Amino acid sequence: MASIASRRLAKELSEIKSEGCPVGIKLVKADDFATWWFTIEVMGESLYQSEVYTLQFRFDAQYPISSPAVQFVVKDGLEAPIHPHVYSNGHICASILGNEWSPVLSVTAVCVTLQSMLASCKKKERPVDNDRYVRNAPENPKKTQFEYHDDSV
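It should be emphasised that the depicted structure is a prediction, and the values quoted were computed from it without experimental measurement. One numbering rule holds for all chains: residues counted from 1, following each sequence as written. For a predicted model such as this one, the threshold for reporting local features is a pLDDT of at least 70, and the threshold for listing and counting side-chain atom pairs is 80 or more; totals across whole chains, interfaces and linings nevertheless cover every residue. The side-chain numbers reported here are obtained from all heavy atoms of the structure, hydrogens and water having been left aside.

> Would you explain helix H1 (residues 3-19) in this entry?
Because each turn of an α-helix spans 3.6 residues, side chains separated by three or four positions end up pointing in the same direction. By the criteria applied, helices consist of DSSP H or I runs no shorter than four residues and strands consist of E runs no shorter than two, each listed in order from the N terminus. Multiplying 1.5 Å by the helix residue count minus one yields the expected span of that helix. Here H1 is 17 residues long and its end C-alpha atoms lie 24 Å apart, about the 24 Å a rise of 1.5 Å per residue gives. Residue exposure (1.4 Å probe, protein chains only): buried if accessible area is under 20% of the type maximum, exposed if over 50%, otherwise partly exposed. Among the residues of H1, Ala5, Arg8, Leu9, Glu12, Leu13 and Ile16 are the ones counted as buried. The buried side chains of H1 occupy one side of the element, clustering within an arc of 130 degrees when seen end-on. Exposed residues pointing more than 90 degrees away from the buried face of H1 are listed as Arg7, Lys11, Lys17, Ser18 and Glu19. The arc refers to the directions leading from the helix axis to the C-beta atoms.

Structure below.
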């Protein structure tokens with residue numbers, strides 16, 4: 001992996017280990033600079049209260065210029081939350097992971113944003129095109145050209 005990505009990920013991991021993660025977010029696995037796993041739990045009253053979900057981050061050599069591939073883990077008994085921006089295969093339609101990605105964002109900032117997305121949800125439902133998308137989705141969610149048009153859920 002490119003040295004800029006390795007240096008950045010080493011810095012982020014060091015900060016996580018020394019300062020910890022924000023409330024409701026836990027680092028599960030970060031054995032290398034290719035794939036990290038976190039759990040997120042929405043704190044306080046919400047439709048997702050007491051539910052814990054696992055996120056997988058995959059990094060390429062262009063990180064942090066390029067966003068990580070982020071998705072909810074849906075295997076070994078783990079499921080994606082039922083949410084209007086989360087497909088049943090774990091892919092997430094969120095502008096922060098696409099056209100609004102910025103190299104100043106960190107892995108924990110993405111976790112907090114997704115935690116907030118869940119906390120503010122008004123109705124548990126899948127995206128309207130869930131079945132079609134999942135049937136044809138690429139393995140890597142970054143290869144999908146999502147349309148971002150609804151921040152109200």
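After presenting the structure, the write-up continues.
> Please explain the packing of aromatic side chains as it appears in this structure.
A pair of Phe, Tyr and Trp rings is counted when the ring centres sit within 6.5 Å of each other, with Trp represented by its six-membered ring. The angle between the planes then sorts it: under 30 degrees is stacked, over 60 is edge-to-face, the rest tilted. A complete count under the given rule lists nine aromatic pairs for this structure. On the basis of an interplanar angle of 50 degrees and a centroid distance of 6.5 Å, the ring pair of Trp36 and Phe38 is categorised as tilted. On the accessibility criterion, Trp36 (0% relative accessible area) is buried. Classification of Phe38 by relative accessible area gives buried; the value is 0%. A ring pair is formed by Tyr48 and Tyr53, whose centres lie 6.4 Å apart and whose planes are at 75 degrees; its orientation type is edge-to-face.

> Just to check I follow, could you spell out the environment of Leu105 for this structure?
Within the secondary structure layout, Leu105 lies in the loop between strand E4 (69-72) and helix H2 (107-119). As for Leu105 and Ile65, which are separated by 40 residues in sequence, their C-alpha atoms are 9.9 Å apart. Contact between two residues is taken to exist if any of their heavy atoms lie within 4.5 Å; hydrogens are not considered. If sequence neighbours within four positions are ignored, Leu105 has contacts with Arg8, Tyr63, Ile96 and Glu100.

> Can you walk me through unusual backbone geometry in this structure?
Backbone geometry follows two general trends: most residues other than glycine have a negative phi, and most peptide bonds adopt the trans configuration. The amide bond that connects Tyr63 to the next residue, Pro64, takes the cis arrangement and shows omega of 10 degrees. Here Pro64 shows up in the loop between strand E3 (52-58) and E4. At Ser50, a position not held by glycine, the phi torsion is positive, near 70 degrees. Along the chain, the position of Ser50 falls in the loop between strand E2 (35-41) and E3. Judged by relative accessible area, which is 60%, Ser50 ranks as exposed. Even without being glycine, Asp76 reaches a positive phi, approximately 50 degrees. For Asp76, the position within the fold is in the loop between E4 and H2.

Geometry only, nothing functional implied.
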